[in-house]
Amino acid sequence: MKISEASRVSGVSARSLRHYEDEGLIVPGRFSNGFRDYCQSTIDRVLVIRTLLESGLPVRLIRELLPRLTDGSDAGTDAVCSEFLHEVQSHRDRLAARIAVLSDQQAALDAYLREARRTDL
């Protein structure tokens, strides 16, 4: 299917599909005229990529590990899954630390605003 249909079917913009290709996350086929040709397996992969991106995983991590997770073979799956889960946990831990800092900053701003409003009365 052409990029417009792939976009409609996957719910991902044509621009995002091109970006995924530029990042090496997908490799669509090509028609003889050079237009991209998306098969169902590529669409399925796009849906996985979208889910991973929406959960906050960086493209770098997805690019490194997705091919090994979806290549269809069982060779090294345990090691890949273990490595992938370790990377996901590390990313989650960094995210939690950032959230804690932002929560502290928000609390400080809330306290400042309460005090500023109290002194304005």
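To be clear, the structure that these remarks concern was listed above.
Just so it is clear, the structure is predicted and the values come from calculations on it, not from any experiment.

Caption draft 1: Quick look at the overall build of the chain. Along the backbone of the chain there are five helices and two strands. For the chain, the N- to C-terminal ordering of α and β elements is α-α-β-β-α-α-α. A total of 121 residues make up the chain; the buried ones form 22% of that total. For the chain, the share of sequence-separated contacts (at least 6 apart) that also reach a separation of at least 24 residues comes to 44%. Entry remark: accessible area of the chain is about 8300 Å², with carbon and sulfur atoms responsible for 54%.

Caption draft 2: Local environment of helix 1 (residues 3-10). Turning to helix 1, its buried residues are I3, A6, S7 and S10. Each buried residue of helix 1 sits inside an arc of 100° when the element is viewed along its axis, so together they form one side. In helix 1, the exposed residues that point more than 90 degrees away from the buried face are S4 and R8. Those residues of helix 1 that are buried lie in contact with helix 2 (14-22), strand 2 (36-37) and helix 3 (40-54). Just past helix 1, the residue G11 takes up positive phi, approximately 80°.

Caption draft 3: Spotlight on the environment of G56. Topologically, G56 is positioned in the loop between helix 3 and helix 4 (59-69). On a C-alpha basis, the gap between G56 and R92 in space is 8.6 Å, while along the polypeptide they are 36 residues apart.

Caption draft 4: Helix 2, seen in detail. Looking only at helix 2, the buried set comprises A14, L17, Y20 and E21. All buried residues of helix 2 project into a common sector of 115° when viewed along the axis, lining one side. Looking at helix 2, the residues exposed on the side facing more than 90 degrees away from the buried face are R15 and D22.

Caption draft 5: Spotlight on the side chain of S7. Following the sequence through the fold, S7 ends up in helix 1. Every residue in contact with S7, bar those within four places of it in the chain, is listed here: V12, S13, A14 and L17.

Caption draft 6: Spotlight on the pattern of salt bridges. Under the defined criterion, the tally for this structure stands at eight salt bridges. Two residues, R36 and E21, come together in a salt bridge whose shortest N-O distance is 2.5 Å. Residue R36 is located in strand 2, and its partner E21 is located in helix 2; the two are separated by 15 residues in the primary sequence. Ionic pairing is found between E23 and R63, a salt bridge with its closest N-O pair at 2.5 Å. Here E23 is found in the loop between helix 2 and strand 1 (29-30), whereas its partner R63 is found in helix 4, with 40 residues between them in sequence. The class for E23 is partly exposed, based on a relative accessible area of 25%. The class for R63 is partly exposed, based on a relative accessible area of 34%. Each member of the salt-bridge network shares a partner with another, and the members are E21, R30 and R36.

What counts as what
Note that residues are indexed from 1 along each chain, following the sequence as it is written. Since the coordinates come from a predicted model, pLDDT governs what is reported: local features require at least 70, and pairs of side-chain atoms require 80 or more to be given and counted, while whole-chain, interface and lining totals use all residues. Where side-chain values are given, they derive from all heavy atoms of the structure, hydrogens and water being excluded. Secondary structure counts use DSSP, requiring at least four H or I residues in a row for a helix and at least two E residues in a row for a strand, with both numbered from the N terminus. Only protein chains enter the calculation, and the probe is 1.4 Å; a residue is then buried if its accessible area is under 20% of its type maximum, exposed if over 50%, and partly exposed in between. Should any heavy atoms of two residues lie within 4.5 Å, those residues are considered in contact. Working definition of accessibility: Shrake-Rupley area with a 1.4 Å probe, residue cover restricted to the visible protein chains. This arc is taken over the directions from the axis of the helix to the C-beta atoms. Salt bridge criterion: a side-chain nitrogen from Lys or Arg within 4 Å of a carboxyl oxygen from Asp or Glu.

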